[in-house]
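Descriptive analysis of the structure
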Amino acid sequence: MPMAAADIEALILAAIPDARVEIRDLAGDGDHYAARVVSSSFAGLSRVRQHQKVYNALGGRMGGELHALQLETAAPSGDEQ
Amino acid sequence: MSDVNSRIDEIVKGNDVVLFMKGTALFPQCGFSSRAVAILDHLGVPFETVDVLQDQEIRQGIKGYSEWPTIPQLYVKGEFVGGSDIMMEMFESGELQQLVAAEA
């Protein structure tokens, strides 16, 4: 079952409340997304740990329901605040 | 450590650069795996691949081993680096070149 972009965003925000989430539907099929997540809680974390936080927020859907989520994470930098 | 974990551990520690992927380097079976192989090819570094589609035990086990839910997964010198998105980000910033160059 594909997921709606709004559902993905809601799950991320529930776990990382300060996150800024941008989601793009890459193929227009509701199944291939790119997400950019910016949160101050990522500061000082390695990329792997940042992505793991997002995967945890998605509660096991990643790799299953959500096969294709291209993920980019960042802590806020000067030009993004 | 369970059997599958020790098998994975051996693979990870026995190869400087190893990619767990869907399919083979010549015939990747998924776009993300294909992208990961393309990045490693571009770096010109020798690497091993493990086709998780040929081994269901590793396919499931690797997710617990690395606490990472998706495949591909790249390990360099025994350390988990990340999936294809992280590889691409690190490639674009030059970090991946440095990481594998340090191993060459």
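Bear in mind that the values here come from a model prediction, so they are computed numbers and not experimental data.

Here we take up the overall build of chain A. The number of helices and strands found in chain A is two helices and three strands. From first element to last, N terminus to C terminus, chain A shows the α and β order α-β-β-α-β. Expected size for 81 residues packed as a compact globule is a radius of gyration near 12 Å; at 12 Å, chain A falls within 12% of this value. For the C-alpha atoms alone, the extent of chain A along its principal axes is close to 35 × 25 × 20 Å. Considering only contacts in chain A between residues 6 or more positions apart, those separated by 24 or more positions represent 53%. Charge separation in chain A, taken as the distance between the mean sites of 7 positive and 11 negative side-chain charges, equals 9 Å.

On to the sheet that holds strand 4 (residues 79-82) of chain B. All names here are of chain B. Read from one edge to the other, the open sheet built from four strands follows the order 2-1-3-4, with strand pairing classed as mixed. Every interior strand has two partners, whereas the edge strands, strand 2 (48-51) and strand 4, have only one. Going from strand to strand, the sheet's axes swing by 25 degrees on average, the running direction of each strand aside. Note that strand 1 (residues 17-21) and strand 3 (residues 73-76) share four bridges and pair antiparallel. Across the sheet, the residue bridging to Leu19 is Leu74, located in strand 3. Contacts from helix 1 (residues 3-14) reach strand 1, strand 2 and strand 3, with the element oriented near 135 degrees to strand 1.

To continue, consider the sheet that holds strand 1 (residues 20-25) of chain A. Neighbouring strands of a sheet are bound in pairs by backbone hydrogen bonds; such pairs are parallel or else antiparallel. Residues and elements named next belong to chain A. The three strands are arranged 1-2-3 in an open sheet whose pairing can be described as mixed. Only two strands of the sheet have a single partner each, and these edge strands are strand 1 and strand 3 (68-74). Across the sheet, the mean angle from the axis of one strand to that of its neighbour is 15 degrees, orientation sign disregarded. In this structure, strand 1 lies alongside strand 2 (residues 32-38), joined through six bridges in antiparallel fashion. Its bridge partner being in strand 2, Arg24 is matched across the sheet by Ala34. Relative to strand 1, helix 1 (residues 5-15) is tilted by about 155 degrees, and along the sheet it contacts strand 1 and strand 2.

Mapped onto the present numbering, the UniProt feature "binding site: [2Fe-2S] cluster" (unreviewed entry) falls at Cys30 of chain B. As for its position among the elements, Cys30 of chain B is in the loop between strand 1 and helix 2 (31-43). Among the residues examined, Cys30 of chain B registers a relative accessible area of 10% and is labelled buried. Setting aside residues up to four positions removed in sequence, Cys30 of chain B forms contacts with His67 of chain A together with Lys22 of chain B.

Thresholds applied
- Residues numbered from 1 in each chain as written.
- Chains lettered and ligands numbered in written order.
- Predicted model: local features only at pLDDT ≥ 70, side-chain atom pairs only at ≥ 80, totals over all residues.
- Heavy atoms only, no water.
- Helix = DSSP H or I, 4+ residues; strand = E, 2+ residues; numbered from the N terminus.
- Rg over C-alpha atoms; globule rule 2.2 N^0.38 Å.
- Contact = heavy atoms within 4.5 Å.
- Lys, Arg positive; Asp, Glu negative; His and termini not counted.
- Charge placed at Lys NZ, Arg CZ, Asp CG, Glu CD.
- Pairing = 2+ DSSP bridges.
- Axes fitted to C-alpha atoms, helices over the stretch in contact; angles between N-to-C directions.
- UniProt positions renumbered as here; feature names shortened; annotations may be inferred.
- Buried < 20%, exposed > 50% of the residue type's maximum accessible area, 1.4 Å probe, protein only.

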